[in-house]
Amino acid sequence: MFIKSKLESALQLTLKTCPLGVLLALVMCLGVSTADGAEDDTPNLVNYPHAGLSMALPEGYVRQVAADPAIVMRSGKMIGRHPAQAVTLSAFCVASKTTVAGFADFSQKALESELSVRKFQALKNVPIKVAGLAGAARLWKYTYDGIPTTAARVFFIRKLKDDETHLCYVLTIEVGEKFVKTLLPTLGQIIKTIKLTDVQAPESLPTRLSDRKLSDYRGGFSVKLPEDWYGSAVKGGVSMGQKNYLMNGASSPQIAILSTKTKPDASPEAFATQAVSRYLTASTQPSSGVEVVSKGAVKVGDQDAYQYILKLTYKVSADKGEKTAKPAKVGKIEAVRVVCRRDDSGKSVRAYLLTLSCLESEVKLVTPWLDAIGKGVEYLPLKGIKTEPRPQPEKK
C-alpha cells in the first residue's frame, strides 16, 4: 500500500507539472500501470470475437450505441453530473503494406478536417507496444463543437490469415477540460488488459440482445441492439449490423427496420410479396441467379408477420491476368419480414419491414438473426391512432 500511494502521489504531481507528452512516455515506461493493485477496480475482460480482441474498462463506464460500423465498442463515464471520459475501440481492414504511422497520420488529418473540430494541436507522438504488437500513441488537444477536449489515440496492426489484408485497431480516450488528469492513467490501465483472440465471423456467433435500444417514435417502434452490433437512425426507421473482418470488413449481416403508412386492407403477405416482386419475377428464369428459399408466416415482436428468404448468386469475372480461371460465384441472401399493424377497428394503419442482407452465409443462419431481432421489437403508441384494444366492461 505504501508503494501504491507513493506512485499515485508521484503521478498526480507529474500531472500538474509535466507536459502531457512527457507524461505519456512516463506512463508507458511504468508498464502502462498507475498502481500495482490496479486489478482491484478492473472488471473481467470483455471479448469482442468478431474483432478478435478482448479488453477491460475500469468501473463506472456505460456502454453506448455505436453509429459508425467501424466502432467495435463505445462507452462513456460520468463524474457527478458531468460527462468525464469516452472510450472508443474501432477496427479497420487495411492493406498489408499499411503502417501504423501511416494510418495514424491519416486518422489525424481526418480529425483535423472535421467541421466540428477547431484549435487542433498535436501534442505528442510516441511508440508503444500493445498486446505484443508495435504501435503508436498520439496525444491531441482540440475543441469539439466548442468543448475543450484532450484525446489519446493508440494504433496497432495485426495480420489476418489473408496475406493481403491486415486489421488496424484504434483505441481512443477523450476527456473534458476538467478531467485531463484522468486521461493517461486510464489509458495505461486499459492497454495492459488488451489481448488478441481469434477473429470470428458474425455468423458463427450467438445473437444476444443488449439493453441498448434504437427508437423511431414517429414510426411507433423501438428495437434492442444485439451485443457488439452498431446501429443508427435512418430515414424511415433504423439500421444495424456487424462487420465481418474475415470478409474485408463488409457489413454482414446488415438489418433495417422501416415503417410506412399502408392501406386499411393491407395484409403482411400481400405487402411482403409486393416488396420482393422484382426478385419473384426474376426467380422464374433459371439463369437469373435468384432462388426463393422459403416463405411463410412468422412473428415480429408480438405481431403476426410474413417472410421471404431469397438467395442471390452473382458471377464475378476472373482477373485479366488469369485467362484460364473460371468466373467466380458470389452468394448473397436477402430476407424480409412484414408486419401490418392494425388499429382497434381492425384496419391496417402502418407496415413494418424487417429486412436482412448478408454475404456468403448459410441460409439456416438467417432465421436465428431475424428471430433475435424480432424478439427485441416493441411497438410504441402511434400519434393520433388508437391501436390497443379498448377495455371491455366486466360481465356481471
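Because the structure is a prediction, the values reported are computed rather than measured.

Participant: Can you lay out the overall build of the chain for me, pointing to particular residues and giving the numbers?
Facilitator: Counting its regular elements, the chain contains 7 helices and 20 strands. By the burial criterion, 47% of the 396 residues in the chain qualify as buried. Of the contacts made within the chain by residues no fewer than 6 positions apart, 57% connect residues no fewer than 24 positions apart. As displayed, the chain has an accessible area near 21,600 Å², and 53% of this comes from carbon and sulfur atoms.

Participant: Any chance you could break down the nonpolar core for me, citing the residues and the numbers?
Facilitator: Membership of the largest hydrophobic core comes to 35 residues, with the highest contact counts inside it found for Leu53, Met55, Val87, Val154, Leu171 and Leu187. Among the elements of the structure, strand 2 (53–55), strand 4 (71–79), strand 5 (82–95), strand 6 (117–130), strand 7 (133–144), strand 8 (147–159), strand 9 (165–176) and helix 4 (183–191) are those that each provide at least two residues to this core. Residue contacts for Leu53: discarding those within four places in its chain leaves Val46, Asn47, Tyr48, Leu89, Phe156, Tyr169, Ile194, Lys195, Leu196 and Thr197. Within the second largest apolar cluster, 27 residues are counted, among which are Trp229, Val238, Cys358 and Val366.

Participant: Could you give an account of the pairing of strand 7, with specific residues and numbers?
Facilitator: Looking along a regular strand, one sees side chains alternate from face to face of the sheet. Here strand 6 pairs with strand 7 via 11 bridges, running antiparallel. Note that in strand 7 the partner of Pro127 across the bridge is Ala136. The hairpin formed by strand 6 and strand 7 contains 2 residues between the paired strands, and Ala131 there has a positive phi angle of roughly 50 degrees. Where strand 7 and strand 8 come together, 10 bridges link them in antiparallel fashion. Within strand 8, the position partnered with Trp140 by the bridge is Ala151. If you look at the hairpin formed by strand 7 and strand 8, you'll find 2 residues sitting between the two strands, and Asp145 has a positive phi there, around 55 degrees.

Participant: Describe the sheet that holds strand 20 (residues 377–379), naming the residues involved and giving the relevant values.
Facilitator: The pairing of strands in a sheet happens through backbone hydrogen bonds and is either parallel or antiparallel. Read across the open sheet, the 3 strands follow the order 11-12-20; overall the sheet is antiparallel. Looking at the sheet topology across the chains shown, the edges are occupied by strand 11 (209–216) and strand 20. On average, adjacent strands in this sheet sit at an angle of 25 degrees to one another, irrespective of strand direction. Both strand 12 (residues 221–226) and strand 20 contribute to a ladder of 3 bridges, which runs antiparallel. Residue Val223 lies in a different strand from strand 20, and its bridge partner there is Val377.

Participant: Lay out the pairing of strand 19 (residues 348–359) in plain terms, naming residues and giving numbers.
Facilitator: Among the 12 residues in strand 19, 10 count as buried, and that is most of the element. Two strands pair when backbone bridges link them, and strand 15 (residues 250–261) and strand 19 are joined in this way by 8 bridges, in the antiparallel orientation. Directly across from Ile257, in strand 19, lies its bridge partner Leu354.

Participant: Quick one: what's the story with the sheet that holds strand 1 (residues 46–48), residue by residue and with numbers?
Facilitator: On the basis of which strands lie adjacent, the open sheet formed by 3 strands has the order 1-2-10 and antiparallel pairing. Only two strands of the sheet have a single partner each, and these edge strands are strand 1 and strand 10 (195–196). The pairing of strand 2 with strand 10 spans 2 bridges and is classified as antiparallel. Across the sheet, Ser54 pairs through a bridge with Lys195, a residue of strand 10.

Participant: Requested: an account of the packing of aromatic side chains, with residues and values cited.
Facilitator: A full pass over the atoms with the stated rule returns 9 aromatic pairs. Between Phe92 and Phe103, the ring centres sit 5.4 Å apart and the planes meet at 45 degrees, which makes this aromatic pair tilted. In this pair, Phe92 is assigned in strand 5 and Phe103 in helix 3 (residues 100–112), connecting sequence segments 11 residues apart. Residue classification places Phe92 among the partly exposed positions, given a relative accessible area of 30%. Seen in terms of ring centroids, Phe120 and Tyr142 are 6.1 Å apart; in terms of plane orientation they differ by 10 degrees. Their pairing is stacked.

Participant: Can you lay out the confidence of the model for the chain for me, pointing to particular residues and giving the numbers?
Facilitator: When the pLDDT values of the chain are averaged, the result is 84; 82% of them are 70 or greater. Segment residues 1–42 is flagged for pLDDT under 50; beyond a separation of four residues in sequence, or across chains, it makes 54 contacts in the model. Between residues 389–393, whose pLDDT stays under 50, and residues either more than four places distant or in other chains, the model counts 1 contact.

Participant: So what about the pattern of salt bridges? Which residues, and what values?
Facilitator: Evaluated as defined, the whole model comprises 9 salt bridges. A single salt-bridge network, built from bridges that share partners, covers Arg63, Arg212, Glu227 and Asp228.

Participant: I'd like a description of unusual backbone geometry, backed by residues and values.
Facilitator: In this chain, Ser252 is followed by Pro253 through a cis amide linkage whose omega measures 15 degrees. Along the chain, the position of Pro253 falls in strand 15. Positive phi, normally seen in glycine, also occurs at Asp145, with a value near 55 degrees.

Participant: Quick one: what's the story with the side chain of Ser259, residue by residue and with numbers?
Facilitator: Topologically, Ser259 is positioned in strand 15. Looking at Ser259, the relative accessible area reads 11%, which means it is buried. Not counting residues up to four positions away in its chain, the partners in contact with Ser259 are Asp216, Gly219, Phe221, Gly236, Arg350, Ala351 and Tyr352.

Participant: Explain the side chain of Thr165 to me, and be specific about the residues and the numbers.
Facilitator: As for its placement among the helices and strands, Thr165 is situated in strand 9. Residue contacts for Thr165: discarding those within four places in its chain leaves Cys93, Val94, Leu160 and Asn248.

Participant: How would you explain helix 5 (residues 268–275) if you had to name every residue and give the values?
Facilitator: Note that an α-helix has 3.6 residues per turn; residues three or four places apart therefore point the same way. Every buried residue of helix 5 is listed here: Pro268, Phe271 and Ala272. Along the axis of helix 5, the buried positions cluster into a sector of 100 degrees, meaning they face one direction only.

Reading the values: rules and limits
- Residues numbered from 1 in each chain as written.
- Predicted model: local features only at pLDDT ≥ 70, side-chain atom pairs only at ≥ 80, totals over all residues.
- Heavy atoms only, no water.
- Helix = DSSP H or I, 4+ residues; strand = E, 2+ residues; numbered from the N terminus.
- Buried < 20%, exposed > 50% of the residue type's maximum accessible area, 1.4 Å probe, protein only.
- Contact = heavy atoms within 4.5 Å.
- Areas by Shrake-Rupley, 256 points an atom, 1.4 Å probe, with all protein chains shown as cover.
- Core = buried A, V, L, I, M, F, W, Y, C linked by side-chain atoms within 4.5 Å.
- Pairing = 2+ DSSP bridges.
- Axes fitted to C-alpha atoms, helices over the stretch in contact; angles between N-to-C directions.
- Phe/Tyr/Trp six-rings, centres within 6.5 Å; stacked < 30°, edge-to-face > 60°.
- pLDDT = per-residue confidence, 0-100.
- Salt bridge = Lys/Arg side-chain N within 4 Å of Asp/Glu carboxyl O.
- Arc of directions from axis to C-beta.

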